[in-house]
Amino acid sequence: MAPWPEVDKPETNNYIGDSSKQNQNMPGKEGENHKGNVTSLGNKGEIQPAFSTIALIDETTPEENPWALPELQDTGVKWSELDRKGKIIRVLYGIGKFIILLGLLYLFVCSLDVLSSAFQLVGGKAAGDIFKDDSVLSNPVAGLVIGVLVTVMVQSSSTSSSIVVSMVSSTLLTVQSAIPIIMGANIGTSVTNTIVALMQAGDRNEFRRAFAGATIHDFFNWLAVFALLPIEVISGYLYHLTNVIVESFHLESGEDAPELLKVITDPFTKLIIELDKSVINAIATNDESAKNKSLVKIWCVTETNVTLQNVTLSPSENCTSPDLCWTEGNVTWTMKNVSETDYISKCRHLFAESDLPDLAIGLILLALSLLVLCSCLVMIVKLLNSVLKGQVASVIKKTINTDFPFPFTWLAGYLAMLAGAGMTFVVQSSSVFTSAITPLVGIGVISIERSYPLTLGANIGTTTTAILAALASPGSTLKYSLQIALCHFFFNVSGIILFYPLPFTRLPIRMCKSLGNITAKYRWFAIFYLLVCFFLLPLFVFGLSLAGWPVLLGVCLPLFALCIAVIVINVMQTKRPHSLPEKLQNWDFLPIWMHSLEPWDNMIMSTLAFCGKHCCGFCKCCKVNAEQEGAKDNQLKTMEVYENTIAMADEERGVRRAPAAACVEKTGTNNTAL
């Protein structure tokens, strides 16, 4: 066999270029038996150069940025290529899609309203009971987690705020104690759009963006609380600032606050359910008679008449005026104003005549509202994907995401904040607005950087709505309701001052992107995050607060210090690893389950796979996914060229040796979706 030519500096391009010449110089017989001599060549220990195009393939495929906004390509026929009939049909299709989109948005908002009513039926009385313990509410940390839990239970920060206002006006709670509860309500209201983001878990990149866009609200609220609650406890700046503002005005009760969106949605939602929210307020203000009342409103039209009647007095009571009292025998009579309620007509919602308990009605409405919510969201996303293509998508993206020229670059974010506040004022709910922009972030119409000021504007918008509602309060609660609404407003303004004006202070953007990357890889982590941040952690802190300050501080302070230390070490491992001791430059000295989600993912996926064996649809889905992964592997393998015969033989033997391992690896990485 002819020897291989000697090359001083072996390079891939030289081998590729000379391969044809080398094959021509080889005798035909030896060239035919070249592959058959692989074993003998391997035994002689001769090293042969490899001719491969893998390096060329790798060089031409740059890494994709998962946070880059996707280009929505227009696959249809161009407008200029359509005839008159085609243009008319396309215009009619566009009008029809717009009408359907408005209808789906209407059902989406109504389902959020019904979802809030369902949560109030399930946990409204429990929320009222939580507010009864005055000793716990005096603890600012306990008040914070109570605000989170109650708002999550009733799915409405305005409801929890109204409970707080009624308690303050009844002197059961001071304004200073109510401020941490309002901060907690600000956190709890962000759970709705986080739940909405779970509905986009089908596509990995969409879910990455949608979940990050939803949790940016969570991170801002948590960071604002961690920064401002200690300042408020030490200085009381929110209380003193709002007290000065309220005392400087001579306030009088006004008319009812304007209801913009409610005018449109109430006619439909009131056909499904109507609630008597005064029951929750009565339970919170220690009214024992309210415990046996139902939250479902039965009588919608009532009339209260006040009449002056003769009533008897018990021996323990005194006459209010001697002129109005008289005695007949052993009985003392007096005249009092007695109010009587006449029930005129019943409500017309579905459960007006039902005998089901509140819990059963709440669970039924919870299931139905979640079903409608998910269905509307899926259809809205698909409809937006079909509408926002080509030129339309590019125009919308440029309008929303483009910054102003250099001197005024900073202005675009504040205009977006103003737009978010205005839209939230119109829909009168920050949950509705943030839930509406979450799917837009997921499909790539709005960037994460632009959704941040929109969300901050939503926080401001919902407080302006609360201020208007407070100004319409009756005279007995006007001062306290306005002061609490102003506390909510200045709390959000203070958070924006801390975490928005300077780019390096916009920590929520970086934090939500990190969480989005994790949940895109391990989608079960999204549910874990939801349960921990909005249920388990507040319940844990609330249970410790019941045991008193010593137990709360003794447990929470070490855990908080440990979390801070882990965060600092993680940052230093990324930025300046050589400044750390050699052992702390990575977390490899810990068990793998303590610094990686991979073991937990394998355990959860194996559990789901075991349960899925009893479901034919799940098994078929797994088979389809496995076949798709196998087809991708075969396609990639055909792109790799090995002209080194030893490498080809080794690869063939390696493929025969480890088919099972490859299968396990593929299924492990593919089935990370719930």
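If you're wondering where the values come from, they're calculated on a predicted model, not measured in any experiment.

Student: Looking at this structure, I do not really get the overall build of the chain. What am I missing?
Tutor: On a plain count of helices and strands, the chain comes out with 28 helices and three strands. In the chain, which comprises 674 residues, the share counted as buried stands at 37%. Pairs at least 24 apart in sequence give 77% of the contacts found in the chain among residues at least 6 apart. Only carbon and sulfur atoms are counted for the fraction: they give 63% of the accessible area of the chain, which is about 37,900 Å².

Student: Mind showing me how you'd approach the pattern of salt bridges here?
Tutor: Think of it this way: side chains of opposite charge can pair up when their charged atoms draw near. Summed over all chains, the structure comprises three salt bridges. Ionic pairing is found between Lys479 and Glu247, a salt bridge with its closest N-O pair at 2.8 Å. Here Lys479, found in helix H20 (residues 478-499), pairs with Glu247, found in helix H12 (residues 237-247); they are 232 residues apart in sequence, far enough to count as distant. Using a relative accessible area of 35% as the deciding quantity, one classes Lys479 as partly exposed.

Student: Is there a simple way to explain the packing of helix H11 (residues 204-235) against helix H18 (residues 430-443) in this structure?
Tutor: The geometry of a pair of packed helices is captured by two quantities: the angle between their axes and the separation between those axes. Remark: H11 packs on H18, axes separated minimally by 7 Å, with the N-to-C direction vectors making an angle of 145°. When you trace H11 past H18, the crossing you get is right-handed. Counted together, Glu206, Arg209, Ala210, Gly213, Ala214 and His217 of H11 and Thr434, Thr438, Val441, Gly442 and Ile443 of H18 form the full contact between these two elements.

Student: I'm lost on the side chain of Thr189 in this one. Help?
Tutor: With respect to the secondary-structure elements, Thr189 resides in the loop between helix H9 (175-188) and helix H10 (191-197). A residue is classified by how much of its surface remains accessible, and Thr189, at 7% relative accessible area, is buried. Not counting residues up to four positions away in its chain, the partners in contact with Thr189 are Thr151, Ser157, Ser430 and Ser431.

Student: How should the packing of helix H8 (residues 157-169) against H20 be read in this particular structure?
Tutor: Two numbers describe how H8 lies on H20: the axes approach to 9 Å, and their chain directions differ by 135°. For the element pair H8 / H20, the angle class is oblique. Seen from above, H8 lies across H20 with right-handed handedness. Across from Val164, Val165, Val168 and Ser169 in H8, the residues of H20 making contact are Tyr480, Ser481 and Ile484. Taken together, the residues that form the contact of H8 with H20 break down as five nonpolar, two polar and no charged.

Student: Would you explain the nonpolar core in this entry?
Tutor: Most often, soluble globular proteins keep nonpolar side chains buried together rather than apart. Formed by 112 residues in total, the largest nonpolar core has its most connected members in Ile273 and Leu365. Ranked by the residues each element gives to this core, the list is headed by H11, at 14 residues. Apart from residues no more than four positions distant in its own chain, Leu365 is found in contact with Val114, Ala118, Leu121, Ile272, Ile273 and Phe351. Val246, Ala470, Leu482 and Ala485 belong to the second-largest nonpolar core, a separate cluster that totals six residues.

Thresholds applied
- Residues numbered from 1 in each chain as written.
- Predicted model: local features only at pLDDT ≥ 70, side-chain atom pairs only at ≥ 80, totals over all residues.
- Heavy atoms only, no water.
- Helix = DSSP H or I, 4+ residues; strand = E, 2+ residues; numbered from the N terminus.
- Buried < 20%, exposed > 50% of the residue type's maximum accessible area, 1.4 Å probe, protein only.
- Contact = heavy atoms within 4.5 Å.
- Areas by Shrake-Rupley, 256 points an atom, 1.4 Å probe, with all protein chains shown as cover.
- Salt bridge = Lys/Arg side-chain N within 4 Å of Asp/Glu carboxyl O.
- Axes fitted to C-alpha atoms, helices over the stretch in contact; angles between N-to-C directions.
- Left-handed = near helix turned anticlockwise from the far one by under 90°.
- Parallel < 35°, antiparallel > 145°, perpendicular 65-115°, else oblique.
- Nonpolar A, V, L, I, M, F, W, Y, C, P; charged D, E, K, R; others polar.
- Core = buried A, V, L, I, M, F, W, Y, C linked by side-chain atoms within 4.5 Å.

These results come straight from atomic positions and should not be treated as a statement about function.
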